[in-house]
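Residue strings, one per chain:
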Amino acid sequence: MSLLVVGLSHRSAPVSVLERASLSVDAKVKLLHDTLAAEPAAEATLLATCNRIELYADVDKFHAGVAELSTLLAQHSGVALEELTPYLYVHYEDRAVHHLFSVACGLDSMVVGEGQILGQIKDALALGQELHTAGRLINDLFQQALRVGKRAHSETGIDRAGQSLVTFGLEQLAVHLPVGEWAAGKRALVIGAGSMSSLAAATLARVGVAEIVVANRTAERAERLVDILVASGTGVGARAVAMAAVADELTRVDVVVSCTGATGLVLTGDDVAAAVAVAGAGAGGPAGLVPSPPLPDSRGAAPDPAPQTPARLDGAPAGLDPEVVARLVAAAEAGGRLADAGAARTISAGQQVEGCPVGDGRSALTGVDANSLELHGTWADQGEAAAQRQPRRGVRAQVDGTDIRLALLDLAMPRDIDAAVHRIPGVRLVDIESLAGASADAPMAADVDAVRGIVAEEVAAFGAAQRAAHITPTVVALRAMAAEVVAMEVARLDGRVPDLDERQRAEVTQTVRRVVDKLLHAPTVRVKQLASEPGGAGYAEALRELFDLDPQTVASVSRADVADPKNDDPGRAS
């Protein structure tokens, strides 16, 4: 086994670098094909999530492999190699196995113990299998990682140490209030209908929001999610809207959760400022909410104030305050810009990221908590959609004396929501970067130590199994050679003693075979034991040298073993 992983994650790189290094679906496919075309790699797959980009490969040369994989990651991510290199980490052989098993258990996640990464690992394996870049080692490794992750969640309380990124994000929005109390009766907008957006909608329904509006580029997927929410039994009202309607919906909701596969912003600072202004004007301007100041330009300086010219709004009631009218006009114009942008966006439905949409949203649900899965049901149409608009709540959450008019949770990578919105009075934004800082301060559960013990145990077992499997073709080739020698000697005996009857010939043949089997039994059992220990890879070569085994025969046994469909289960005894 010469497993190599080269990657970067939230632990090694800032969010800004991870955003720039994120890969499109086409880039992932091209990266894997180019990895296999590179000389050092025999098989490979890619684990690309919101928080990490890791390239796994079976290589025959360590240094050449590191150089080639690093270059390919830089080339396909669009980040220069000299800029990317300081953030890259490398794991080799058992350390690479330990890393993936730790990732599968949620020990390396932004929120320790979260189970959604299992779905991402499953998708990484599926991608390698679909592209035929995953061979025996990658298949064994990733299937075992899935089993280790499930074992950690079933045998320990790691779930208590961590939670889904959605729940953690909502807790950060709620600040000092319980999430259920904070969310009760609110109206929410969920942008996107992939796995993470679906989980967000299910979580919002469970914690008691009054209505959920789902906006997605593909109407069918939005409607499917709405049907599931309505059939969940939580009593939440749900309806689907087009992306072009986001600007209008933004003025009516209290909470927004966004996680799309888009490569640009879904909500700009101007979009959010305009929505808050319209909501504030419509509500008569609650006490304590000051008008939103203009956002700084690219140099950080505030633009010149707009001239005080009369504004016109068709159909406005007579006597309406001119300042309010002006803000409504500006909001309408900004809303139009958002609608145009929303209609023109191209979202990669197949983009795979941890905590972001994946394919049709099914596979990434692996490992999420039971309550969330119960809300999802199956991704088949069920129930009838119930679209009911709930009245906008008049009471806003108070955080440190600030009137929070709009709470935003951005779970996308690259980000969906402009980070500049945090400057807008009445707006609270929680994104991947702020979640990373908050989770770093979160206390670790005692069960984490138990999971680390499981990981260490499984890494040792996996390494032993792989090393033992490596010598198996040599042992099989040795026994095949012995069987051939027996057959030749029996044929020679027939020529010398032709008068033997069938019973006598069978007895002689069986005796010779028993002698050979007994002579080979102890050495072959012992060599498997020795080969399973660290540093035991040389025993296979020694066996081939001692018995002068044909390398081509050993290689043909290896190929037959890989091709055998009975060998799909990497957990079988070697």
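Starting afresh in each chain, residues are numbered from 1 along the sequence in its written order. Given that this is a predicted model, residues contribute local features only at a pLDDT of at least 70 and side-chain atom pairs are listed and counted only at 80 or more, while totals for whole chains, interfaces and linings are drawn from all residues. With hydrogens and water excluded, all non-hydrogen atoms of the structure serve as input to the side-chain values.

Asks: What should I look at first to understand the packing of helix H9 (residues 165-174) against helix H11 (residues 195-207) in this one?
Replies: The axes of two packed helices give the description: the angle between them and the distance between them. One can describe the packing of H9 onto H11 by two numbers: an axis separation of 9 Å at closest approach and a directional angle of 55°. On the basis of the axis angle, H9 is oblique to H11. Taken as a pair, H9 and H11 cross one another with a handedness that is right-handed. From H9, Leu165, Val166, Thr167 and Leu170 reach across to H11, where they touch Met196, Leu199, Ala200, Thr203, Leu204 and Arg206. By the convention adopted, Pro, Cys, Tyr, Trp, Phe, Met, Ile, Leu, Val and Ala count as nonpolar, Lys, Arg, Asp and Glu as charged, and the other residues, Gly among them, as polar. Looking at the contact of H9 with H11, its residues break down into seven nonpolar, two polar and one charged. Axes, fitted as lines to C-alpha atoms, cover a helix only where it is in contact. Angles between the N-to-C directions of the axes lie from 0 to 180 degrees. Secondary structure elements are taken from DSSP: a helix is a run of H or I of four residues or more, a strand is a run of E of two residues or more, and numbering for both begins at the N terminus. An angle counts as roughly parallel when it lies under 35 degrees, as roughly antiparallel when it exceeds 145, as roughly perpendicular when it falls between 65 and 115, and as oblique in every other case. If you view the pair so one helix is near and one far, a crossing is left-handed when the near helix is turned anticlockwise from the far one by less than a right angle, and right-handed when it is turned clockwise. Note on contacts: a residue pair qualifies if any of its non-hydrogen atoms lie within 4.5 Å across the two residues.

Asks: I keep staring at the sheet that holds strand E6 (residues 211-215) and nothing clicks. Help me out?
Replies: Hydrogen bonds between backbone groups are what pair the strands of a sheet, and the pairing can be parallel or antiparallel. Should DSSP find at least two bridges between two strands, the strands are taken to pair. Strand order in the open sheet made by the six strands is E7-E6-E5-E8-E11-E12, with parallel pairing throughout. At either end of the open sheet lies a strand with only one pairing partner, and these are strand E7 (237-241) and strand E12 (427-431). Between one strand axis and the next, the sheet turns through 15° on average, direction left out of account. Looking at chain direction, strand E8 (residues 255-258) and strand E11 (residues 406-410) are connected through four bridges and run parallel. By the bridge assignment for E11, valine 256 is matched with leucine 408. Those strands touched by H9 are E8, E11 and E12, and its axis lies near 150° from that of E11. Those strands touched by helix H12 (residues 219-230) are E6 and E7, and its axis lies near 175° from that of E7.

Asks: Could you clarify how one ought to interpret the sheet that holds strand E1 (residues 3-9) in this entry?
Replies: Strands sit in the order E2-E3-E1-E4 across an open sheet of four strands; the sheet is antiparallel. Either end of the sheet is taken by a strand with one partner, and the two such strands are strand E2 (41-48) and strand E4 (89-92). Recorded for the sheet is a direction-independent mean angle of 15° between the axes of neighbouring strands. As judged from the four bridges shared by E1 and E4, these two strands associate in the antiparallel manner. Along E4, the bridge assignment pairs leucine 4 with tyrosine 92. In the packing of helix H6 (residues 117-130) onto the sheet, contacts are made with E2 and strand E3 (52-59), and the angle to E2 comes to roughly 145°.

Asks: Looking at this structure, I do not really get helix H3 (residues 62-77). What am I missing?
Replies: Quick reminder: α-helices carry 3.6 residues per turn. Residues three or four places apart thus point the same way. The span one expects for a helix is its residue count, reduced by one, times 1.5 Å. In this model, H3 (16 residues) spans 22 Å end to end at C-alpha, consistent with the 22 Å of a helix rising 1.5 Å per residue. Each residue is assigned to one of three classes by its accessible area relative to the maximum for its type, calculated with a 1.4 Å probe on protein chains only: buried under 20%, partly exposed between the two thresholds, exposed over 50%. Every buried residue belonging to H3 is among Gly65, Val66, Leu69, Ser70, Leu72, Leu73, Ala74, His76 and Ser77, and all of these are buried. In this structure, the buried residues of H3 make contact with E1, helix H1 (15-21), helix H2 (25-37), E3, helix H4 (81-84) and E4. Residue glycine 78 follows H3 closely and has a positive phi angle near 85°.

Asks: I keep staring at the packing of H6 against helix H7 (residues 136-155) and nothing clicks. Help me out?
Replies: Two elements in contact, H6 and H7, have axes separated by 10 Å at closest approach and are oriented at 165°. In terms of orientation, H6 lies roughly antiparallel with respect to H7. Remark: the crossing between H6 and H7 carries left-handed chirality. Counting all contacts with H6, which are made through Leu118, Ile121, Lys122, Ala124, Leu125 and Gln129, the residues of H7 involved are Ile138, Asn139, Phe142, Gln143, Ala145, Leu146, Gly149, Lys150 and His153. Of the residues that constitute the contact of H6 with H7, the class distribution is eight nonpolar, five polar and two charged.

Asks: Explain a negative patch on the surface here, please?
Replies: Where like charges cluster on the molecular surface, the negative patch consists of Glu541, Glu545, Asp548 and Asp550. Residue placement: glutamate 541 occurs in helix H20 (residues 538-546). Relative accessible area serves as the criterion here: at 48%, glutamate 541 is assigned to the partly exposed category. Residues form patches when they are more than 30% accessible in relative terms and have no salt bridge. Like charges link within 9 Å. Nonpolar side chains (Val, Leu, Ile, Met, Phe, Trp, Tyr) link within 5 Å. For every accessible area listed, the method is Shrake-Rupley and the probe measures 1.4 Å; residues are considered covered only by the protein chains on display. By definition here, a salt bridge exists when the distance from a side-chain nitrogen of Lys or Arg to a carboxyl oxygen of Asp or Glu is within 4 Å. This count recognises Lys and Arg as positive and Asp and Glu as negative, with His and chain-terminal groups excluded. Charge placement uses NZ in Lys and CZ in Arg. For Asp and Glu, CG and CD serve respectively.

Asks: Please explain the packing of aromatic side chains as it appears in this structure.
Replies: Remark: the centre distance and the inter-plane angle together describe each pair of aromatic rings, the angle taken between the planes. When the centres of two rings from Phe, Tyr and Trp lie within 6.5 Å, Trp using its six-membered ring, the rings pair. Their planes under 30 degrees apart give stacked, over 60 give edge-to-face, and anything left gives tilted. Scanning all chains against the criterion turns up three aromatic pairs. With a centroid separation of 5.2 Å and 80° between ring planes, the pair formed by tyrosine 56 and phenylalanine 142 is classed as edge-to-face. Of the two residues, tyrosine 56 sits in strand E3 while phenylalanine 142 sits in helix H7, which places them 86 residues apart along the sequence. Across this residue pair, the class does not change: tyrosine 56 and phenylalanine 142 are buried.

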